[in-house]
Amino acid sequence: MKMNNKEKISVFLPCRKGSQRILNKNTRTFGNFDFGLLQIKLHQLLNAQSVDTIYLSSNDEVVLDFAKSLKNKKIFIHKRSEYLSSNEIILDELINHAYELIQEGEILWTHTTSPFFTAKDYDEAIAAYFANKDKGCDSLMSVTALHGFFWNKHNPINYDRSIKKWPSTQDTEIIYEINSAIFIANAEIYKNKNDRIGDRPYFYEIDKIKGMDIDYKEDFTMAEYMLLSNKNLIGGGAFN
């Protein structure tokens, strides 16, 4: 897939130290990878043809040292302040931090915790972003479409029991889960709205595997087992 200059994009990759649910989540051994999720994600981003620069923001010396060891000019390494890495900050402050690093062009926000979103997936999502931006969308976010029975504390939210108590799941209204694998928006949205999506985001649908977000210990264990069962899940090419 050949990319033109219009489709080049900057990546914001936050990797703070001190995960409360999974110790050293970004860099602990994952499958056969000594530097785990970080190692996989940097390889995927470096092999995405549409990615111009990767802005890695971290307060973790292990993360920073590993990124430096790759000696790749596409990686811009930023040592983040302890305050911006603390549990006290709100997402708005991190969004502002991303804008401070990338003040023009298109910003792709992603995480190490989506190991099955590959280089090819990034290129395809970026192409979809530009195609739909031409049609009136101002941003993109990855979602997983869910069919099923979803309730709040009192009532169903995606079907009407007065019509049919238990409809077929395919007849229920689709619920879109934001899986956080990828967000894309122009830096102006970060500046003017202090957000990583705009008012008219394009819903980029991906399946549950590509959209898997490692947040809890059981997620880590399950994803590691999946990787050991099928190494193609993280994409091709030789990994560092």
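Refer to the structure above for everything that follows.
(A) How the structure looks around the side chain of serine 139. Relative to the helices and strands, serine 139 is located in strand β5 (residues 139-146). When its relative accessible area of 1% is taken as the criterion, serine 139 is described as buried. Within the local environment of serine 139, its side chain forms a polar contact with the side chain of aspartate 138, the two groups lying 3.0 Å apart. Reaching out from serine 139, the side chain makes a polar contact with the backbone nitrogen of glycine 198 at a distance of 2.9 Å. Residues contacting serine 139, with those up to four places away along its chain left out, are Tyr129, Ile184, Ala185, Ile197, Gly198, Arg200, Pro201 and Tyr202.

(B) Inspection of the pattern of salt bridges at higher detail. Per the counting criterion, the structure on display carries 5 salt bridges. The partner of aspartate 215 in a salt bridge is arginine 21, with the nearest N and O atoms 2.8 Å apart. A residue pair is termed long-range when its members are at least 10 positions apart, and aspartate 215 in the loop between β7 (201-205) and α6 (217-229) and arginine 21 in the loop between β1 (9-14) and α1 (36-46) qualify at 194 residues. Across the pair aspartate 199 and lysine 193 runs a salt bridge, and its minimum N-O distance is 2.9 Å.

(C) Focus on the environment of serine 142. Within the secondary structure, serine 142 sits in strand β5. Assessed through its relative accessible area of 0%, serine 142 is described here as buried. Taking C-alpha positions, serine 142 is 9.8 Å from aspartate 207, a pair spaced 65 residues apart along the chain. When sequence neighbours within four positions are dropped, the list of residues in contact with serine 142 reads Glu177, Ile178, Asn179, Ser180, Ala181, Ile182, Tyr204 and Ile206.

Calculation notes
Residues numbered from 1 in each chain as written. Predicted model: local features only at pLDDT ≥ 70, side-chain atom pairs only at ≥ 80, totals over all residues. Heavy atoms only, no water. Helix = DSSP H or I, 4+ residues; strand = E, 2+ residues; numbered from the N terminus. Buried < 20%, exposed > 50% of the residue type's maximum accessible area, 1.4 Å probe, protein only. Polar contact = N/O pair within 3.5 Å; in protein donor to acceptor, adjacent residues only side chain to side chain. Contact = heavy atoms within 4.5 Å. Salt bridge = Lys/Arg side-chain N within 4 Å of Asp/Glu carboxyl O.

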